[in-house]
Amino acid sequence: MSTQPTLTGIRVLEQGTFITGPCAGMMLADLGADVIKIESPEGDPYRAYQGGQYSPHFQAYNRNKRSLALDMKLKGDCALFDRLAAEADVYIQNFRPGTADRLGAGAARLQGLNPRLVYCSISGFGSSGPYSDRPSYDSVAQALSGFLSVVVDNRRPQFLGPALADAITGMYASQGILAALVQRGRCGRGAHVEISMLEAMAHFAVEPFAAFFALGETPTSADRPRLAQAYILRTADARLIAIHLSSLEKFWQGLVAALDAPELKEDPRFNPRERRIAEYETLRVELDTRFARQPLAHWVQRLQAEDVPYAPVNLIDDVVRDPQVEHLGIVVPVDSPHTATRAVRPAAQFDGWRARSVSAAPLLNQHGESIRAALNAASSWPETARLAGGRV
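Residues numbered from 1 in each chain as written. Predicted model: local features only at pLDDT ≥ 70, side-chain atom pairs only at ≥ 80, totals over all residues. Heavy atoms only, no water.

### Things to note about the sheet that holds strand E2 (residues 34-39)
Here's step 1: Spatial ordering of the open sheet is given by E3-E2-E1-E4-E5-E6, a layout of 6 strands whose pairing is parallel. With partners counted over all chains shown, the strands left at the sheet margins are strand E3 (65-69) and strand E6 (192-196), one partner each. Ignoring which end each strand starts from, the neighbouring axes of this sheet average 20° apart.
Here's step 2: Relative to E3, E2 runs parallel, the two sharing 5 bridges. Bridging across to E3, Lys 37 finds its partner in Ser 67.
Here's step 3: Helix H18 (residues 368-377) rests against E2 and E3 of the sheet, and its axis sits at about 80° to E3. (Pairing = 2+ DSSP bridges. Helix = DSSP H or I, 4+ residues; strand = E, 2+ residues; numbered from the N terminus. Axes fitted to C-alpha atoms, helices over the stretch in contact; angles between N-to-C directions. Contact = heavy atoms within 4.5 Å.)

### Notes on a nonpolar patch on the surface
Here's step 1: On the surface, Phe 209, Phe 212 and Phe 213 cluster together into a nonpolar patch covering about 310 Å² of accessible area.
Here's step 2: Structurally, Phe 209 can be placed in helix H9 (residues 206-215). (Patch = residues over 30% accessible without salt bridge, like charges linked within 9 Å, V, L, I, M, F, W, Y side chains within 5 Å. Areas by Shrake-Rupley, 256 points an atom, 1.4 Å probe, with all protein chains shown as cover. Salt bridge = Lys/Arg side-chain N within 4 Å of Asp/Glu carboxyl O.)

### What to know about the pairing of strand E8 (residues 240-244)
Here's step 1: Every second residue of E8 is oriented toward a common face, the buried set being Ile 241 and Ile 243 and the non-buried set Leu 240, Ala 242 and His 244.
Here's step 2: Here strand E7 (residues 230-234) pairs with E8 via 5 bridges, running antiparallel. Bridge pairing in E8 places Arg 234 opposite Leu 240.
Here's step 3: Here E7 folds back onto E8 in antiparallel fashion, the turn holding 5 residues, of which Ala 238 has a positive phi close to 65°.
Here's step 4: As judged from the 3 bridges shared by E8 and strand E9 (residues 310-312), these two strands associate in the antiparallel manner. Looking across to E9, one finds that Ile 241 is bridged to Pro 312. (Buried < 20%, exposed > 50% of the residue type's maximum accessible area, 1.4 Å probe, protein only.)

Pasting the structure below:
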């Protein structure tokens, strides 16, 4: 039985800014790794995203870490950095290609200090090629990779809310790091893990790419909901509800029963399923009209009674109060006096263990004094307490 986070004992240096690098570090920290975030004396620019030095955006991707401010122009700070790198299991950076080498933090140099080091480079477009020197942000990667074309309505194009490409790239980076750690367990040597936002988002869009290669047709944003028979419908009280009928006939029959509309079952426009796919927009209008006759609570009761896959389109405050979210303990306390009091816990559970709280993102250089003191007292990595958690 697991009694502690799975990555307890793994030491990580993260020299990341904004989202991709910090997200990769957070994913490892959430699993119990000891992550020291190396920041410039000015701090990660994401700290000041909404003014000040502690934006909620920064907090989101930097929990469960320690902060150490280093000036890489100072000889003493460079020496301290080298001591940490020599003891680390993982190093993460998301600089533009070439910047890490100029800072003395390139892969060849750090792995020369520590052959067991798993070194992770995150970039926008890769370390070489015609785009390698271009700046990249979330929206750029979404657009170039083709992902945006299969999620945005071309009639009224606008970006999705969250920084998906940034976060997804960070998740792919953490997956690559974990694979390299497993490989190191077999061969005893670290590896250089490279990932770009372009590669991550192209892989994330693997299904539309597969459809293009198989059918020779360029996918659009309408394809997935049409084939999946997924709809977002507005109810009488102006709420939104999502349904997903998939390919099983029983869900269509359940929807017809929930609507008390046996005539839909006989309508040749919508039967069999292939006709519903062809007449997706016609059926959407029909369903919109019918769902607009009753409030959300009515349709929740009816769809649940007929075992139709559904969910209200919850706002964030709705999610926090949701009974299943409460049952799973998804929202946990944050053990810090200087931030929000709650956060969403790491998703995974291991043999019944799950995080029961998280540590707040650090203030700039919050742990600088203690880390420096520990390194002055001993040559080994400055240890810290384990990630908070417990058994269910």
